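Per-entry structural report
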There are 2 protein chains.
Amino acid sequence: MEHSRRIGAVRRKLTRSGLTGLLVTHLPDVRYLCGFTGSSAALAITRRCARLFTDGRYRAQAAEEVQAAEIDIVNRTAAVAAVEWVAAQAGVESVGFEAARTTVADLARWRDALPARLRRTLLTPLPAPPVESLRLVKDDDELAILREAALIGCHLFDHILGFVRPGLREVEVAAELEHAARLAGAEGMSFETIVASGERSALPHGRATEARLPRRGFLTLDFGIIHKGYCSDMTRTVHFGSPRAEERAAYEAVLEAQAAAVEAVEAGARCGEVDEAARSVLRRAGLAEAFSHSTGHGVGLEIHEMPRIASGQTARLAAGMVVTIEPGVYLPGQFGIRIEDMVAVTRTGGEILTPAPKALIEL
Amino acid sequence: MEHSRRIGAVRRKLTRSGLTGLLVTHLPDVRYLCGFTGSSAALAITRRCARLFTDGRYRAQAAEEVQAAEIDIVNRTAAVAAVEWVAAQAGVESVGFEAARTTVADLARWRDALPARLRRTLLTPLPAPPVESLRLVKDDDELAILREAALIGCHLFDHILGFVRPGLREVEVAAELEHAARLAGAEGMSFETIVASGERSALPHGRATEARLPRRGFLTLDFGIIHKGYCSDMTRTVHFGSPRAEERAAYEAVLEAQAAAVEAVEAGARCGEVDEAARSVLRRAGLAEAFSHSTGHGVGLEIHEMPRIASGQTARLAAGMVVTIEPGVYLPGQFGIRIEDMVAVTRTGGEILTPAPKALIEL
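These figures come from a predicted structure and were not determined experimentally. (Residues numbered from 1 in each chain as written. Chains lettered and ligands numbered in written order. Predicted model: local features only at pLDDT ≥ 70, side-chain atom pairs only at ≥ 80, totals over all residues. Heavy atoms only, no water.)

On to the overall build of chain A. Tallying secondary structure elements over chain A gives 10 helices and 19 strands in all. With the C-alpha coordinates aligned to their principal axes, the bounding extent of chain A is approximately 75 × 40 × 35 Å. Expressed as a percentage of the 363 residues in chain A, the buried residues total 59%. Taking as baseline every contact in chain A between residues at least 6 positions apart, the subset at least 24 positions apart corresponds to 67%. Approximately 14700 Å² of chain A is accessible, and the part contributed by carbon and sulfur atoms is 52%. Across chain A, the mean location of the 43 positive side-chain charges is 5 Å away from that of the 46 negative side-chain charges. (Helix = DSSP H or I, 4+ residues; strand = E, 2+ residues; numbered from the N terminus. Buried < 20%, exposed > 50% of the residue type's maximum accessible area, 1.4 Å probe, protein only. Contact = heavy atoms within 4.5 Å. Areas by Shrake-Rupley, 256 points an atom, 1.4 Å probe, with all protein chains shown as cover. Lys, Arg positive; Asp, Glu negative; His and termini not counted. Charge placed at Lys NZ, Arg CZ, Asp CG, Glu CD.)

Right, dumping it as structure tokens:
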């Protein structure tokens, strides 16, 4: 049972940290640990027990989704109820919470709910995310879902290739893509769809506008869907008409940079080395300045997860991580190009989850 | 100039609170006060100066959008730069920040950026949202945009009435609605589109599923778009085939409750009284238990804003507030009905911003 195994991993981590409990309030973490998908919940984990707190709206849903934790339906804020419960457990002396996910107001409210003798000592802010670091390495169930999500993305790209033509507005392309995603069963888009055409392709995050697709020029599509709670993410850049020599050269440089970074992916490689694999190709092509962002990021229940594939990152990849590899070049006033795959890290290399074609497509 | 006026209102509020500065990090608040729409920013306001901090990606955009504040392009976290700047201003002794929007980790980082002599005294957590309370009352520019947003929503409802038919999947209805919204120029949907048909109409927040629209039964559509940054929100419930007597009676009760609450809207009315106007109608109809949520909420740059139109709320409406009025009844295993308008509060009553028909539509 995956959820019990994951909660077990949290417990081992607690023990190593000298904590006797953990308060989990970030909903993707709650979902990861016990399967609950409702919009209001807190999960308390002690050495002996895991208990989910939510409200009456979710009684039936929690009973259906959650096996690895006890369920407590409460009529007050879930996290406050969780704090009160954990404070009452025998042997629980220090309970961690994620400092980066807890507001100053929440912490004050939690402390107010504690008996005076525990107010200063029970709750321990954790500077590093305690659950997201477990979510870094995907298990087989997660990899299977991420493969499906990525393939749905590839089918959508294929669909939209048959739809785009000069004169359409960018928003029409985004609308068609999102419509097709819905019909393909996506639960939603994993981020705001990027459709950037012509000169606008030089914007790394060009949201779809009323601009019309050009007779000649690039079109960058960067989009993702949510499937069984997991995010896909891919980018392809295609060209209307015949590219000029410098456009073709820049495309080939990005493609080579992307392939080099994918090639650098394997268990044990440092994230900064993978970034450098892409960056050095673009540097040799005289495009170092034009590659103005990092090479990639982890992806899973959230669209941006650890690790960061960026310059100087010394963290090492491990088998089961899923990352994006997405170098790009952006020449303001001229054009831009980005190519992005999702890649699962394996012991000996990387498995591309988004097998849509990458050779330059001329439409 | 609206932004200067709004920043002036913040300053008057600061003075009343004995504060010499305010740190604004919630992006809808930043947008409201200075017009900046980028995804990373902090705004520092002192008695003499307002200064926006953002990064190099937004250099051109900030220069174009922001007139009422100085602009500082920084290569570190915007809020940290803002804290450092404000600490260096003469005469600034206590700077408020919103406790409910600031994480424990952020506050630690901000304090670390301060000189030791200011670390304990400069930053003051504010329990109440300092800017959202100003955003409660919309000015004429905002009301004009909200009117437009609501009318786009009404046109979409009209469009979708011509699309829905028994046998379609709920997700196809959501896809069509969102597609049409994109083509109508919406920047996005303001929340996840609710399409709940047949027995599923008894779920107050039934997201669109693979379920097929019934030959006989209700269909609830609850959706909103984003237009110029502002949210619309409306719900209509229609019926396929001829409703049974109890379905018709329940619909009429919800419609009467909705009209009663709209009627109760006027400057000076307490929010709890507006809620009670709807609730008492449903109580008389024997449907008190079936109305399981509050009557409405404010709407503006965010889909859920103050005030809450709920039982026991003693806050008073003021001219310029925009609220939803959305009573509903939910009979699990049978059916549900909700009718929702956006209503602008005026001195003498309420102006319905969503004039789509509410009499029961049989399709």
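Before going further, it helps to examine the interface of chain B and chain A. The partner chain A presents 26 residues to the 26 residues of chain B that form the contact. For the pair chain B and chain A, the summed buried surface comes to about 1900 Å²; carbon and sulfur atoms form 56% of the total. Viewed at the interface, chain A and chain B are joined by 2 salt bridges. For the salt bridge of E178 of chain B with R182 of chain A, the shortest nitrogen-to-oxygen distance reads 2.7 Å. Among the elements that take part in the side of chain B that touches chain A, helix α8 (residues 170-183) of chain B stands out by supplying 9 residues, more than any other. Partitioned by chemical class, the residues of the side of chain B that touches chain A number 12 nonpolar, 5 polar and 9 charged. (Buried area = accessible area lost by both parts, 1.4 Å probe. Salt bridge = Lys/Arg side-chain N within 4 Å of Asp/Glu carboxyl O. Nonpolar A, V, L, I, M, F, W, Y, C, P; charged D, E, K, R; others polar.)

To continue, consider the packing of helix α7 (residues 140-161) of chain A against helix α8 (residues 170-183) of chain A. Residue and element names in this part refer to chain A. For the pair α7 and α8, the least separation of the axes is 10 Å and the interaxial angle reads 135°. Regarding the angle of α7 to α8, the classification is oblique. The interaxial crossing formed by α7 with α8 has right-handed handedness. Of α8, the residues touching α7 (which contributes L156, H159 and I160) are V173, E176, L177, A180 and A181. (Axes fitted to C-alpha atoms, helices over the stretch in contact; angles between N-to-C directions. Parallel < 35°, antiparallel > 145°, perpendicular 65-115°, else oblique. Left-handed = near helix turned anticlockwise from the far one by under 90°.)

Another aspect to go through is the domain arrangement of chain A. Residues and elements named next belong to chain A. Taken as a whole, chain A is organised into domain 1 (2-134) and domain 2 (136-352). Taken over C-alpha atoms, the centre of domain 1 sits 35 Å from the centre of domain 2. With 12 residues of domain 1 at the contact, the number on the domain 2 side is 12 residues. Here domain 1 is connected to domain 2 by 3 salt bridges. Across the salt bridge formed by D139 and R6, the nearest N and O atoms sit 2.7 Å from each other. Applying the counting rule to domain 1 against domain 2 returns 7 residue pairs in polar contact (both at pLDDT 80 or more). Elements that contribute at least two residues to the side of domain 1 that touches domain 2 include exactly α1 (2-17), α2 (27-34) and α6 (132-135). Its residues assigned to classes, the side of domain 1 that touches domain 2 comprises 4 nonpolar, 2 polar and 6 charged. (Domains from an automatic or database assignment. Polar contact = N/O pair within 3.5 Å; in protein donor to acceptor, adjacent residues only side chain to side chain.)

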